[in-house]
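Observations on the model geometry
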Amino acid sequence: MQEWFMSRGPDALLLRTLRLTDNLAPLLPGLTLPKLQEVTLSGDPCPVDIMHGFLQRHPGLTLLNVACKPLAGDAVILNAAVRLPALCDLRLGAAWIPLLMPSAGTCPKLSSFTWNGSLDSGSNVADLQNLLHIVARHQSITTLWLPLWGFISVPGWLQIAEPRAETLMQSVKELYVTYSGKDAAGRMPAALGLFPVLVQVSMSLGKDLGRESNLVDGIVKVCKTVRTVSFGSIFGNEYSVIEKDDGVRTAKLTRKGQTYSDSI
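Please read all numbers here as calculations on a predicted model, not as lab measurements. (Residues numbered from 1 in each chain as written. Predicted model: local features only at pLDDT ≥ 70, side-chain atom pairs only at ≥ 80, totals over all residues. Heavy atoms only, no water.)

Turning to the pairing of strand E10 (residues 238-243), a few remarks are in order. Examined bridge by bridge, strand E9 (residues 228-231) and E10 share three bridges and lie antiparallel to one another. By the bridge assignment for E10, Val-229 is matched with Tyr-239. Here E10 runs beside strand E11 (residues 249-255); their pairing, made up of six bridges, is antiparallel. If you follow Val-241 over to E11, its bridge partner there is Ala-251. Connecting E10 to the antiparallel partner E11 that follows it, the hairpin turn spans five residues, and Gly-247 within it adopts a positive phi of roughly 90°. (Pairing = 2+ DSSP bridges. Helix = DSSP H or I, 4+ residues; strand = E, 2+ residues; numbered from the N terminus.)

Attention now moves to helix H3 (residues 48-56). Buried residues dominate H3, accounting for seven of its nine residues. Every buried residue belonging to H3 is among Val-48, Ile-50, Met-51, His-52, Gly-53, Phe-54 and Leu-55, and all of these are buried. Looking at the buried positions of H3, the neighbouring elements they touch are strand E1 (17-20), helix H2 (24-27), strand E2 (38-41), strand E3 (63-66) and helix H4 (97-100). (Buried < 20%, exposed > 50% of the residue type's maximum accessible area, 1.4 Å probe, protein only. Contact = heavy atoms within 4.5 Å.)

With that settled, the discussion passes to the side chain of Ser-42. Structurally, Ser-42 is set in the loop between E2 and H3. Setting aside its immediate chain neighbours within four residues, Ser-42 contacts Leu-20, Thr-21, Asp-22, Leu-24, Ala-67 and Cys-68.

Grouped together as the largest cluster of nonpolar side chains are 65 residues, with contacts concentrated most on Trp-96, Phe-113 and Phe-195. Sorting elements by how many residues they give to this core places helix H5 (residues 125-137) first, with six residues. (Core = buried A, V, L, I, M, F, W, Y, C linked by side-chain atoms within 4.5 Å.)

Quick look at the environment of Val-197 now. Structurally, Val-197 can be placed in the loop between helix H6 (184-191) and strand E8 (200-205). Separated by 25 residues in sequence, Val-197 and Val-172 have C-alpha atoms that sit 6.6 Å apart. Not counting residues within four places of it along the chain, the set of residues in contact with Val-197 comprises Met-169, Gln-170, Ser-171, Val-172, Lys-173 and Thr-225.

Right, let's talk about unusual backbone geometry for a bit. With a phi angle near 55°, Asn-23 is a residue other than glycine that sits in the positive phi range. With respect to the helices and strands, the residue Asn-23 is situated in the loop between E1 and H2. Assessed through its relative accessible area of 42%, Asn-23 is described here as partly exposed.

What follows deals with the confidence of the model for the protein chain. This prediction gives the protein chain a mean pLDDT of 76; 69% of its residues lie at or above 70. Across residues 163-167 the pLDDT falls below 50, and counting only partners more than four positions away or on other chains, this stretch makes six contacts in the model. Taken as a whole, residues 259-264 scores under 50 in pLDDT and shows 27 contacts with residues more than four places along the chain or in a different chain. (pLDDT = per-residue confidence, 0-100.)

Turning to the packing of aromatic side chains, a few remarks are in order. Per the counting criterion, the structure on display carries two aromatic pairs. Measuring from ring centre to ring centre gives 3.9 Å for Trp-145 and Tyr-176, while their planes differ by 10°; the resulting arrangement is stacked. Of this pair, Trp-145 sits in strand E6 (residues 143-147) while Tyr-176 is found in strand E7 (residues 174-179), placing the two residues 31 residues apart along the sequence. Judged by relative accessible area, which is 17%, Tyr-176 ranks as buried. The interplanar angle of 85° and the centroid separation of 6.1 Å between the aromatic rings of Phe-231 and Tyr-239 together place this pair among those described as edge-to-face. A relative accessible area of 0% means that Phe-231 is categorised as buried. Residue classification places Tyr-239 among the buried positions, given a relative accessible area of 1%. (Phe/Tyr/Trp six-rings, centres within 6.5 Å; stacked < 30°, edge-to-face > 60°.)

Rendered as structure tokens:
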């Protein structure tokens, strides 16, 4: 990779998209790309100070996707905040959140956050609660992606120990969730009450979901602002919420998918 940058000469400085899957520690310190907008970093663990320095040299990033882990022993919170004023889309694993998640005001355009990886044990409940606290402080975040495989069986899996918890997620309008659990229809709607302005909910679910229609009914009753509930990708069912003249809200199957066959 170093040879490639050298061979490209001045043209390398025009790069707008960068994807590195290996050798992050030796490569990142030597990179300063003034036109860079989108970055995906994965593979080997990366020292926190090297990652921090790379981001400071690239304030024009609009998308940052960090899929690698912090290098063991370097997981310390740095004093200087990472300021990325153009950042719109941020994707981090749990270990990077306390290290790189910007404080409110440092990324005024941040509108989408994705939690990379998987949350599948009770030991991660505190991480999830911490993330939701952070998202609540970023009023610009309107889209949230959460991988919650296995979390449905953990007590308090999507609760926040905070007064007026139901009002914390006041800016999130689109929620994308992946999870599995036989009691999803009973527990998921209550958890979505933490997102009072949701417009769209999209879920990727396990085969043990049970009746899809029961889950949709529950979401419609709890989430007064939801207009669309979809399952899976373009191959799943999609429901549109209709409000009748008498104020009663119901869901109508508007797209028949190939993955789930229940109707409402």
